[in-house]
Every structure is written in C-alpha cells, then in structure tokens.
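Coordinate analysis (summary)
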Amino acid sequence: MFRGWGDCYGYYLVATGFADIMVDPVMSIWDSAALIPIIKGAGGQITDYHGNDPMGGDGIIATCSEELHKEVIKILN
C-alpha cells in the first residue's frame, strides 16, 4: 500500500535519477539526517530553502544537479 507522495519515496526518485527535484517545506532533523548521505552519494545536491546546510533549516530541497539546484533556490526565494 502506498500512502501519498513525498517523504522518502521522492528522495529515492531523485537519488536514482527518476525525478529531478524534491521539495519538502517541513522537515525535522531526524528526517533530514538520513537523506543527506543518500542524495550526496548519488551525486545530487541537498540544502535548506536558502542553499545552506540542510540540518539547519526547517525544509529541504534535493535536486539531481548543482546547476538545477541553484535555479530552484533562486525561484523559491
């Protein structure tokens, strides 16, 4: 059974190349901590909404590339 979109599944799609962007406006530190090495290990980018360390923000953005990540941050801010 699948319960909606988002959460870990969206980050899995970014890490495996099936999605380009995952945006999560509300995250807890314990949720973010597990995702950071997965996204970075897959060659992606993961930060808070301002492009800073994802562990310091309330929400996170994960993308498949640095160029796309910069563009997403620019649009959201």
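Residues numbered from 1 in each chain as written. Predicted model: local features only at pLDDT ≥ 70, side-chain atom pairs only at ≥ 80, totals over all residues. Heavy atoms only, no water.

Where burial is concerned, the two faces of strand S3 (residues 60-63) agree: the one with Ile60 and Ala62 and the one with Ile61 and Thr63 are both buried. The sheet contact formed by strand S1 (residues 21-24) and S3 spans four bridges and is antiparallel. Within S3, the position partnered with Ile21 by the bridge is Thr63. (Buried < 20%, exposed > 50% of the residue type's maximum accessible area, 1.4 Å probe, protein only. Helix = DSSP H or I, 4+ residues; strand = E, 2+ residues; numbered from the N terminus. Pairing = 2+ DSSP bridges.)

Moving on: helix H2 (residues 29-41). Within an α-helix, residues lying three or four positions from one another point in the same direction, as the helix has 3.6 residues per turn. Given a rise of 1.5 Å per residue, 13 residues ought to cover 18 Å, and the 19 Å separating the end C-alpha atoms of H2 matches this to within 8%. The sharpest bend along H2 comes to roughly 30°, located at Leu35, with the proline Pro37 sitting one to four residues further on. Those residues of H2 lying buried are Ser32, Leu35, Ile36 and Ile39. Packed against the buried residues of H2 are helix H1 (7-16), strand S2 (45-47) and S3. Of the residues flanking the end of H2, it is Gly43, one or two places downstream, whose phi is positive at about 90°. (Expected span 1.5 Å × (residues − 1). Bend = angle between axes of the 7 residues up to and from the residue. Contact = heavy atoms within 4.5 Å.)

This next bit is on the packing of aromatic side chains. Evaluated as defined, the whole model comprises one aromatic pair. Judged by centre distance (5.9 Å) and plane angle (25°), the rings of Tyr9 and Tyr12 are stacked. With Tyr9 and Tyr12 both in helix H1 and three residues apart, this pair spans about one turn of that helix. Among the residues examined, Tyr12 registers a relative accessible area of 44% and is labelled partly exposed. (Phe/Tyr/Trp six-rings, centres within 6.5 Å; stacked < 30°, edge-to-face > 60°.)

Moving on: a nonpolar patch on the surface. A surface patch of nonpolar side chains, amounting to about 220 Å² of accessible area, comprises Ile21, Val23 and Leu76. Note on placement: Leu76 falls in helix H3 (residues 66-76). The partly exposed category is assigned to Leu76, whose relative accessible area is 41%. (Patch = residues over 30% accessible without salt bridge, like charges linked within 9 Å, V, L, I, M, F, W, Y side chains within 5 Å. Areas by Shrake-Rupley, 256 points an atom, 1.4 Å probe, with all protein chains shown as cover. Salt bridge = Lys/Arg side-chain N within 4 Å of Asp/Glu carboxyl O.)

With that settled, the discussion passes to the packing of H1 against H2. Where H1 contacts H2, the axes come no closer than 8 Å and their chain directions differ by 20°. The angle between H1 and H2 places the two elements in the roughly parallel class. Here the hand of the crossing between H1 and H2 comes out left-handed. Each of Tyr11, Val14 and Ala15 in H1 lies in contact with H2, whose residues at this interface are Leu35, Ile38 and Ile39. The residue inventory of the contact of H1 with H2, partitioned by class, reads six nonpolar, no polar and no charged. (Axes fitted to C-alpha atoms, helices over the stretch in contact; angles between N-to-C directions. Parallel < 35°, antiparallel > 145°, perpendicular 65-115°, else oblique. Left-handed = near helix turned anticlockwise from the far one by under 90°. Nonpolar A, V, L, I, M, F, W, Y, C, P; charged D, E, K, R; others polar.)

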